[in-house]
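Observations on the three-dimensional arrangement
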Amino acid sequence: MIWRQDVECAAPADLKALQSEYLRKLIPYIYHNCPVYRQKLDAAKATPDKIKSIDDIKRLPFTTKEDMRDNYPFGLFCVGQDRINEIHVSSGTTGNPTLVGYTKDDLKLWGDVMARVLGCAGAVPGDTIQIAYGYGLFTGGLGFHYGALEMGLRIIPTSSGQTARQLKLMKDFNSKIIACTPSYVLYMAEEAKELGVDPAQGNWKIGIFGAEPWSEAMRREIEGIWNMLATDVYGLSEIIGPGVAQECHHKDGLHIFSDVFYPEVIDPKTGQEVPEGEDGELTITTLTKQGIPLLRYGTRDIVSIRYDKCRCGRTSPRISKIKGRTDDMIVVRGINVFPSQIEHVLVGIEGTQPHYQIIVDRQAHKLDEVEVLVEVEQRFFSDEIKRLNEIRDQIRREIENVLSIGVKVTLVEPKTIERSMGKSKRIIDKRAL
Amino acid sequence: MKITQISIFLENRKGRLYDVCSLLGANQVNIRALTIAETESFGVLRIVVDKSDLAIKLLRDNHFVANFTDVVAIEVPDKPGGLASILKVFSDNDVNIEYMYGFVEKFTDKALLVMRFEDADFAQQILAKHNIRVVAEKDIEGL
Ligand SMILES: [Zn+2]
């Protein structure tokens, strides 16, 4: 169903008028409530009087992940902390995590866009949804929860893990919708087979998968094994969490909710918008958020965008699946992994940075695995296996602490990690996406 | 009297042991004793050679991680119960052995064992007290 017919199917001119109205309110609001942004706007000569329509968005300065980190924790807030009702944090590169805070109205907005996500995927009020994204500081679980509440679904908040129980609850409560990472739903299929359950006979008819990259081949595999419609959801915690864009059943691009999250696809080298259909960095302005509104935020996700009307009736523009990243961050099981986090750990343990390499792989049992190769160096080498194992285990524990996912650490001989221009190649992504 | 062992980090890859042995052999370094401790992904090769300084230079120049470790080479009577009698001395005196292994060849009627102690100095005191003969570095070089 189309949850918000009024905006999702609005005529382009009406949509533009709405976006212009929002932007005209947003700029003075930010200008008067956030000293950090006020300075940026002054420097860019984009003061409130200059912003008259959505076309003036080009005058606004960009916001980056670094801006968020540099102004941690409260520098980008536009309201006092007494008006913040919920906070979430996600892993940053080094040091500070990325903090997001929601006012009561922001939470309402989140519920609204997530209800649109659910409707876009095919949910109708009364359906049962099993939410197997993690609940907690990660925005996945609670984002879906708020959307399902808004739409009036029956919620089974299983969070992630405990696969046998997931399968039992699917059957016992006849849940129609499953929301989790794409690798987890494939993992559950393997488990189901081991438990003697045929996934194709399962109850789930609609899957809403995201928080990690996945391919059309993986979609076909999921749809075949589970006999369901597998759709892609997009979001990031800085903007709102899940709820930025979602595929409809035509699976021909993700409808981005551009009335509230204004998208531009920018060439990272020139800072200019690329022509329609060409690849660039998805850049989003939150037009109505109150807690931490963001102007032209660089998501670092490479996409293309199209503005033609979809067969489903929606006029909201569609972004492609994520085609790459502007930096070398990788997403594993919904967790952002930066090489610098691992460097940090190694330097902490060894004093200086040994050569290392991160290998991400997706084996037959379908959960992404991270292996960190560390070149053994003279100064931490020991003739005792016991001592070497202790070092390896210490590295593993500390990396796991930082990343919150399990990793394997392997000690390797010097000069065995491939180098290009003297620097070791830091990430090898072997996942067949 | 301590002697020098060379410890080398090796991945469990085909041919790595051969690489070490052929490198040393090509440079006239003789391996007197050798053992490998393995895990599922890596191993530590421990060797006693006749020219330790040359050997470690060769290894490091060829990108091996290699360290010196102090060990003790002990003469063990080559007869039933020979090793047991020595181990009893260690056990009675709370001397901890990290690991031990044998020499490749015999050069007297006694067997030679390399032992790595948790505390090599303390072990040597006990050895001296019980008149257990240890082998000196120059004996190894002259083998
Ligand atoms: Zn559509």
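Above this text you will find the structure in question.
Below is a short write-up of the structure.

Rules used throughout
Residues numbered from 1 in each chain as written. Chains lettered and ligands numbered in written order. Predicted model: local features only at pLDDT ≥ 70, side-chain atom pairs only at ≥ 80, totals over all residues. Heavy atoms only, no water. Helix = DSSP H or I, 4+ residues; strand = E, 2+ residues; numbered from the N terminus. Buried < 20%, exposed > 50% of the residue type's maximum accessible area, 1.4 Å probe, protein only. Contact = heavy atoms within 4.5 Å. Pairing = 2+ DSSP bridges. Axes fitted to C-alpha atoms, helices over the stretch in contact; angles between N-to-C directions. Right-handed = clockwise from strand over helix to strand, strands pointing away. Donors = N, O, S within 2.8 Å, 3.2 Å for Na, K, Ca; no water. Tetrahedral: all angles 85-135°; square planar, octahedral: opposite > 155°, others 65-115°. Arc of directions from axis to C-beta. Buried area = accessible area lost by both parts, 1.4 Å probe. Salt bridge = Lys/Arg side-chain N within 4 Å of Asp/Glu carboxyl O. Polar contact = N/O pair within 3.5 Å; in protein donor to acceptor, adjacent residues only side chain to side chain. Nonpolar A, V, L, I, M, F, W, Y, C, P; charged D, E, K, R; others polar.

For the rest of this paragraph, the subject is the side chain of R318 of chain A. All names here are of chain A. With respect to the helices, strands and loops of the structure, R318 is situated in strand 14 (residues 318-319). Residue classification places R318 among the buried residues on the basis of a relative accessible area of 3%. Excluding anything up to four places from it in sequence, R318 contacts D252, G253, L254, H255, S304, I305, R306, D308, K309 and C310.

Backbone hydrogen bonds hold the strands of a sheet together, and the pairing may be parallel or antiparallel. All names here are of chain A. The nine strands lie next to each other as 4-3-5-6-7-8-9-14-13, forming an open sheet whose pairing is mixed. The two strands at the open ends of the sheet, each matched to only one other strand, are strand 4 (154-156) and strand 13 (305-306). By the bridge criterion, two bridges tie strand 9 (residues 254-256) to strand 14 in an arrangement that is antiparallel. Bridged to L254 within strand 14 is I319. Those strands touched by helix 8 (residues 182-194) are strand 5 (177-180) and strand 6 (206-209), and its axis lies near 120 degrees from that of strand 5.

Residues and elements named next belong to chain A. Strand order in the open sheet formed by four strands is 20-19-18-23, and the pairing between neighbours is mixed. With one partner strand each, in any of the chains shown, strand 20 (408-412) and strand 23 (427-429) form the two edges of the open sheet. Taken over all neighbouring pairs, the strand axes of this sheet differ in orientation by 20 degrees on average, direction set aside. With five bridges joining them, strand 19 (residues 368-375) and strand 20 adopt parallel strand pairing.

Residues and elements named next belong to chain A. Taking every second residue as pointing to the same face, both faces of strand 3 (residues 128-131) are buried, with T128 and Q130 on one and I129 and I131 on the other. Pairing of strand 3 with strand 4, which is carried by three bridges, proceeds in the parallel orientation. Bridge pairing in strand 4 places Q130 opposite I156. Crossover strand 3 to strand 4 through helix 6 (residues 139-151) is right-handed.

For the rest of this paragraph, the subject is the coordination of the zinc ion. Residues and elements named next belong to chain A. With distances of 2.1 to 2.3 Å, the protein atoms coordinating the zinc ion are C248 (SG), H255 (NE2), C310 (SG) and C312 (SG). Note that the zinc ion binds four donor atoms; their angles at the metal cover 103 to 116 degrees, and the shape is tetrahedral. Spacing between the donor residues of the zinc ion along their common chain follows C-x6-H-x54-C-x1-C. Of this pair, H255 sits in strand 9 while C312 sits in the loop between strand 13 and strand 14, and the two are 57 residues apart along the sequence. Judged by relative accessible area, which is 0%, H255 ranks as buried.

All names here are of chain A. Buried within helix 7 (residues 163-172) are the following residues: T163, Q166, L167, L169 and M170. Axial view of helix 7: buried residues confined to an arc of 165 degrees, hence all on one face. Each element contacted by the buried residues of helix 7 is listed here: strand 3, strand 4, helix 8 and helix 9 (216-226). A positive backbone phi angle near 50 degrees is found at N174, which sits one or two residues after helix 7.

If you look at the interface, chain B gives 26 residues, while chain A gives 19 residues. Counting each side, the surface lost to burial between chain B and chain A is near 1800 Å², with a carbon and sulfur contribution of 56%. A salt bridge links R116 of chain B to D383 of chain A, with the nearest nitrogen and oxygen atoms 2.7 Å apart. At the junction of chain B and chain A, the tally comes to ten residue pairs in polar contact (both at pLDDT 80 or more). Those elements giving two or more residues to the side of chain B that touches chain A turn out to be strand 1 (3-11), strand 2 (31-38), strand 3 (42-49), strand 4 (66-77) and strand 5 (97-102) of chain B. In terms of residue count, the dominant contributor to the side of chain B that touches chain A is strand 1 of chain B (six residues). Partitioned by chemical class, the residues of the side of chain B that touches chain A number ten nonpolar, seven polar and nine charged.

All names here are of chain B. What helix 1 (residues 16-26) keeps buried is the set R16, V20, L23 and L24. For helix 1, the angular spread of buried residues about the axis comes to 90 degrees, placing them on one side. Looking at helix 1, the residues exposed on the side facing more than 90 degrees away from the buried face are Y18 and A26. Turning to helix 1, the residues buried within the fold contact strand 1, strand 2, strand 3 and helix 2 (52-61). The positive-phi residue at the C-terminal boundary of helix 1 is Q28, with phi of around 60 degrees.

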